[in-house]
Structures are given as structure tokens and as C-alpha cells.
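# Analysis of the macromolecular model
The primary structure of each chain is shown beneath.
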Amino acid sequence: MYKLGFIGMGNMAGAIACGIAQSGFLSGEEMIAYDIVSSQLDKLDKYHFHRAESELEVVEKSDIVFIGVKPQVVEKVIFPLKDALKNKAIISIVLGYDYQKYEDLLDTSTRHIFVMPNTPALVLSGMSLIEETHSLTDSEFQFTKDLFSSIGSVEIVPSHLMNAAGTLSGCGPAFVYIMIEALADGAVKEGVPRDMAYKLASQTVAGAGKMQLETRLHPGILKDQVCSPGGSTIRGLKALEEAGIRNAFMNAIEKGCHK
């Protein structure tokens, strides 16, 4: 038996699987994976994952089953496996399929939990939201927390906040990437080489985030510490405020929450 079996190996599941192997929490030999597009499993070869021939093989040969398929096909995948999943545990990262949704889909003996991760899990810097309501055993829940802790940070979130919190952490990387790109573009306009500009922008964002996490100071206080009277930073901030940066980010979260 393998400790963890993956059904679906898209960008997010792939980032998690590779991150777990990189972290050493589980070795590739302890995991098995299947995707209907077999080439999706190529990214796992260097970690020596076992390749399954079907979703059923993953279920039969795994202690815990990881569901990472697209939302529009999850029921098509789950229904033929309903009997095989009896008395099994699953971890799902399928957007929209929370605790209650799986309660309606699965046999009552199937234990399950919903997690919303993000792609920086690939570089062991993910932010994973674990739904507070679940039906795992204590040991399975601890395994889930340890697994996602091995690829970043975890937060236990009440069910009613999963959508809003998940929009922030799940969609947030894309919002940050466009910010990095824009900051770099501004520097390139002033003559900084492109590769250097990306490095400077990315490290600045990473460092600023780490500083807030470690100091726990309000972002406004940290911002004030960079702003000298009449200096470059405060003039740049005025330009951002004139462009409506705060409203733009708040609207991005709102739009992401309400499809």
C-alpha cells in the first residue's frame, strides 16, 4: 500500500506532489498517481512516483486518496469509485467541493476533508487553508496538517470563511505576479535590465511579506517606516493612491468570491 494516492495531476496537484517529495515528508516511492492525460505524470518521474493505470488502482493501493481533478469532472470521477472509497479517507482540493458537498456525494463510511492550497507549494512556500469541518480520524487529520505544513503554512478555517479566505490565498499569487511584473516594467522603463528588474521586484515582495509575518506589525506601520517626509516612497505611494490601488485589490478579492 502507498501512503498517498493522487487522482488528477494538474498544476495545483502537481505543485503539491512535487513539493511533498522535495520536502522529504513522503518519498516518491510512497506515492502513486493517475491522470487521464498520462503526460501530466511526467513531472513526477524524477521523484520516482508510481504510475497507476486507473483511478480505481489509486484507490485500491492507497491509504489516503488525494482528489485533484477539475471541478466540472469530479462527480464523473467519484461516482464509479463510490464503493471502492468505502471506509477510505480522501483529501480534496477541488474548488467548490467542501465538506457538505462531499457528504452528499460519498458513502457515509468515506471520511473526507477539503483543503484550499496555492501554487507556491511547489517551492515549499504554500498557504493551505484546511476546512475546520471534516470527518477524518484524529490521526488522518494530523497527517493532513503535517503534509501541508511540509510545503508551507497552514490555517484551519471555518467553513463559512473558506470562499473569501481561499480567494485571497488561492488567487492572490496571480495578483502578486502581476504586481511584480508591473514593478519590474517600471524599472525597465528607467533602464534596469529585465532579469535584474524581476529579481529585485520578486525579492522585494518576498522580503516585505516575510517582514510582516515575523514582526506582526500592521502593514501601515511598516509602510510608514519606509516613507521619509518629501521622499521618493511617499511620492510613489501618492501615485498608487491616485490610480486606486487599494480599491483595485479589494475589488479583485470581491470578484473572485462571487462568480
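The structure this text deals with has already been given above.
A brief report on the enclosed structure follows. (Residues numbered from 1 in each chain as written. Predicted model: local features only at pLDDT ≥ 70, side-chain atom pairs only at ≥ 80, totals over all residues. Heavy atoms only, no water.)

This next bit is on the overall build of the protein. For the protein, the count of helices and strands is ten helices and eight strands. Dimensions of the protein along its principal axes, counting C-alpha atoms only, are 70 × 40 × 30 Å. Looking at the protein as a whole, 37% of its 259 residues qualify as buried. Partitioning the intrachain contacts of the protein with sequence separation of at least 6 by distance along the chain shows that 61% fall at a separation of at least 24. The protein carries 24 positive and 31 negative side-chain charges, and their two centres are separated by 6 Å. (Helix = DSSP H or I, 4+ residues; strand = E, 2+ residues; numbered from the N terminus. Buried < 20%, exposed > 50% of the residue type's maximum accessible area, 1.4 Å probe, protein only. Contact = heavy atoms within 4.5 Å. Lys, Arg positive; Asp, Glu negative; His and termini not counted. Charge placed at Lys NZ, Arg CZ, Asp CG, Glu CD.)

What you see with strand β5 (residues 89-92) is no split at all: A89 and I91 on one side and I90 and S92 on the other are buried throughout. Across four bridges, the pairing between strand β4 (residues 62-67) and β5 is parallel. Bridge pairing in β5 places V65 opposite I90. Taking the sense of rotation as the criterion, the β-α-β connection linking β5, helix α4 (residues 99-105) and strand β6 (residues 111-116) turns out right-handed. (Pairing = 2+ DSSP bridges. Right-handed = clockwise from strand over helix to strand, strands pointing away.)

Right, let's get into unusual backbone geometry. One non-glycine residue with positive phi stands out, namely L124, at about 60°. Counting through the fold element by element, L124 comes out in the loop between β6 and β7 (126-131). In this structure, R216 is a non-glycine residue whose phi angle is positive, near 65°. You can see R216 is positioned in the loop between α7 (194-215) and α8 (219-226). We classify R216 as exposed; its relative accessible area is 62%.

Across all of its chains, the model carries one cavity of 30 Å³ or more by this definition. Each pocket or cavity is described by its volume, and for the largest cavity that value is around 30 Å³. In this structure, the largest cavity is lined by A33, L41, L44, D45, F49, H50 and R51. Looking at the lining of the largest cavity residue by residue, the class counts come to four nonpolar, one polar and two charged. (1 Å grid on protein atoms, 1.4 Å probe; cavity = no way out; pocket = protein on both sides within 12 Å on 5 of 7 lines; lining within 4 Å. Points joined across faces, edges and corners; volume = space filled by probe spheres on them. Nonpolar A, V, L, I, M, F, W, Y, C, P; charged D, E, K, R; others polar.)

With 22 residues, α7 should cover 32 Å at 1.5 Å per step; its first-to-last C-alpha distance of 31 Å lies within 8% of that length. At the exit of α7 stands R216, carrying a positive phi of roughly 65°. (Expected span 1.5 Å × (residues − 1).)

We now examine the packing of helix α6 (residues 162-189) against α7. Running from N to C, α6 and α7 cross one another at 135°; their axes reach a closest spacing of 8 Å. Viewed along their axes, α6 and α7 adopt a mutual orientation that is oblique. Considering the relative orientation of α6 and α7, their crossing is right-handed. For the pair α6 and α7, contact is made by V176, M179, I180, E181, L183, A184, D185, A187 and V188 and by R194, A197, Y198, A201, S202 and V205, respectively. A class-by-class count of the residues in the contact of α6 with α7 yields eleven nonpolar, one polar and three charged. (Axes fitted to C-alpha atoms, helices over the stretch in contact; angles between N-to-C directions. Parallel < 35°, antiparallel > 145°, perpendicular 65-115°, else oblique. Left-handed = near helix turned anticlockwise from the far one by under 90°.)

With that settled, the discussion passes to the layout of surface pockets. Of the pockets and cavities examined, the second largest pocket occupies roughly 1,100 Å³. Contributing elements (two or more residues each) for the lining of the second largest pocket: α1 (11-23), α3 (74-78), β6, α6 and α10 (245-257). For the lining of the second largest pocket, the element with the highest residue contribution is α6, accounting for eight residues. Considering only residue class, the lining of the second largest pocket consists of 22 nonpolar, 14 polar and six charged.

Such coordinate-based values are descriptive only and should not be taken to indicate function.
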